[in-house]
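# Coordinate analysis (summary)
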Amino acid sequence: MPAIDPSSAIYELPVNANVSYQDLVESLKSISEGINFVNPANFPIGEHMKLRGVDSQGIKEVRSFCNLSMGTEIILDHPEFLVFAPCRVAIYEKRDGNNKPQLYIAMDRPTFDLKSIKHPTERAKKSAQELETKLLEIMDKARKGDF
């Protein structure tokens, strides 16, 4: 996996060429459920763009994921962190160097979001890191089509 850019909230991974959008979605579902993450909401942004007559230029969606046992410490210590909950994973297509659509999966990093909290507690920092690590594992496996 590429290194994390500590100056960015976004962590982005290209999806392997042999993994379709449907494979990616099924993989995300299987892997996340296997480690007690729930997917309470999906936002098919590209579909809504199309309904308004806008060319979405490929897949554009956001899926939310939550593991309350991992995020409880953050929310108890810093309820304002709820503005970042649940965790979001984006699936989208963008053009590569050859102008071909490439599928990506990306997330908003909880450890970066925690920088918005003044004086976060140590347990909140630990919880955010644990949550981020698990989400990175989910994304890495899903982009490969693992289950």
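About the thresholds
Note on numbering: residues in each chain are counted from 1, in written sequence order. Confidence filtering applies because this is a predicted model: local features only for residues at pLDDT of at least 70, side-chain atom pairs given and counted only at 80 or more, and all residues used for totals across whole chains, interfaces and linings. Think of the side-chain values as coming from all heavy atoms in the structure, minus any hydrogens and water. As defined here, a cavity is a set of points on a 1 Å grid over the protein atoms alone where a 1.4 Å probe fits but cannot get out. A pocket is an open set with protein on both sides within 12 Å along at least five of seven lines, and residues line them when an atom is within 4 Å of a point. Grid points are joined across faces, edges and corners, and a volume is the space filled by probe spheres set on the points. Secondary structure is summarised from DSSP: a helix means a run of H or I of at least four residues, a strand means a run of E of at least two, and numbering begins at the N terminus for each. Two strands are said to pair when DSSP picks up at least two bridges between them. Only buried residues count toward a nonpolar core, which is a set of Ala, Val, Leu, Ile, Met, Phe, Trp, Tyr and Cys residues joined through side-chain atoms within 4.5 Å. Working definition: with a 1.4 Å probe on protein chains only, accessible area under 20% of the residue-type maximum means buried, over 50% means exposed, and in between means partly exposed. Any two residues whose heavy atoms approach within 4.5 Å are treated as being in contact.

### Points about the layout of surface pockets
- Here the largest pocket defines a volume of roughly 190 Å³.
- Put simply, the parts of the chain that give the lining of the largest pocket at least two residues each are α3 (68-77), β4 (87-95) and α4 (110-113).
- Considering every element that reaches the lining of the largest pocket, the biggest residue donor is α3, with four residues.

### Details of the sheet that holds strand β1 (residues 10-14)
- Taken together, the five strands give an open sheet; going across it, the order is β1-β5-β4-β3-β2, and neighbouring strands pair in antiparallel fashion. Edge positions in the sheet fall to β1 and β2 (42-43), since each of these pairs with one other strand and no more.
- Where β2 lies against strand β3 (residues 60-65), two bridges are found, and the strand directions are antiparallel. Opposite Phe43, over in β3, you have Val62 as the bridge partner.

### What about the nonpolar core?
- Leu24, Leu28, Phe37, Ile105, Met107 and Leu135 are the most contacted members of the largest nonpolar core, which has 23 residues in total.
- Looking at this core, the elements with two or more residues in it are β1, α1 (21-34), β4, β5 (101-108) and α5 (122-143).
- Considering every element that reaches this core, the biggest residue donor is α5, with six residues.
- Non-local contacts of Leu135, meaning those with residues more than four positions away in its chain, are made with Phe37, Phe65, Cys87, Met107 and Pro110.

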